[in-house]
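# Close look at the chain arrangement
Here are the chains, one letter per residue:
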Amino acid sequence: MITIRHEKLTDIGAREALLDEAFGETRRRKTSERLREGRLPAEGLSFIAAERGRVVGTARLWRVRLASGQEALLLGPVAVAADCRGRGIGGALVRRALAEARKRGHGAVVLVGDAPYYGRFGFSSAKTGSLRLPGPFERGRLLALELVPAALDGARGLVRAAGPIASQPAVAAAA
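Here we summarise the structure given alongside this text. (Residues numbered from 1 in each chain as written. Predicted model: local features only at pLDDT ≥ 70, side-chain atom pairs only at ≥ 80, totals over all residues. Heavy atoms only, no water.)

## Digging into the overall build of the protein chain
The number of helices and strands found in the protein chain is five helices and nine strands. Listed by position from the N terminus, the elements making up the protein chain come as β-α-α-β-β-β-β-α-β-α-β-β-β-α. Dimensions of the protein chain along its principal axes, counting C-alpha atoms only, are 45 × 35 × 30 Å. Within the protein chain, the fraction of its 175 residues that count as buried is 45%. Sequence-distant contacts in the protein chain: of pairs separated by 6 or more residues, those separated by 24 or more amount to 70%. For the protein chain, the centre of its 29 positive side-chain charges and the centre of its 17 negative side-chain charges are spaced 3 Å apart. (Helix = DSSP H or I, 4+ residues; strand = E, 2+ residues; numbered from the N terminus. Buried < 20%, exposed > 50% of the residue type's maximum accessible area, 1.4 Å probe, protein only. Contact = heavy atoms within 4.5 Å. Lys, Arg positive; Asp, Glu negative; His and termini not counted. Charge placed at Lys NZ, Arg CZ, Asp CG, Glu CD.)

## Notes on the side chain of T128
For T128, the location among the structural elements is in the loop between α4 (115-119) and β7 (131-132). For T128, the contacting residues outside a window of four places in its chain are R139, L142, L143 and A144.

## Remarks on the side chain of Q70
With respect to the helices and strands, the residue Q70 is situated in the loop between β3 (54-66) and β4 (71-75). A polar atom in the side chain of Q70 sits 2.8 Å from the backbone oxygen of D153. Sequence-distant contacts of Q70, defined by excluding residues within four places in its chain, comprise V64, R65, A151, L152, D153, G154 and A155. (Polar contact = N/O pair within 3.5 Å; in protein donor to acceptor, adjacent residues only side chain to side chain.)

## Side note on the pairing of strand β2 (residues 46-51)
Counting buried residues in β2 gives six out of six residues, a clear majority hidden from the surface. With burial as the criterion, each face of β2 is covered, one bearing S46, I48 and A50 and the other bearing F47, A49 and E51. Alignment of strand β1 (residues 2-6) against β2, held across five bridges, turns out to be antiparallel. By the bridge assignment, I4 is partnered in β2 with A49. Taken together, the six bridges between β2 and β3 define a ladder with antiparallel strand orientation. Pairing of E51 across the sheet is with R54, part of β3. Connecting the antiparallel pair β2 and β3 is a turn made up of two residues, with R52 showing a positive phi of about 50 degrees. (Pairing = 2+ DSSP bridges.)

Bear in mind that shape data such as this cannot, by itself, settle questions of function.
Now the structure itself:
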């Protein structure tokens, strides 16, 4: 039985090991990481999938601001343990994260990911054509979902980190 819950401090080590397993050595070099490094995730928007006490999945949302002034959330990374893939855990994590973001009044979510996978949750590139990230990215993988209609109307320019800065001990604990 899979349980999806808010992340706890005691989950950090297992979450980091899961992300290392899922994304390998290059995970910290990804452009999306520039928007996360040194920041805390958005309050109440870090989730863990657990099975019999083991962390088997993770999804987190981060605050970002667009050059055109809109605030949004950045989804990612989303990861599931290799031996648990294909069971719908990733989808359940994404649905929980989006529902909670909507409940907390956030207007939009952006991500860099596979359009066929994230399209089923409503993500598309329809409003990301004038956005850019702080580093290289594949244009067709920059996707967005409006949680509030028209939240991304006129969205343009550089996507920047906007979340609270992590204290040094918190950054060290997360690494």
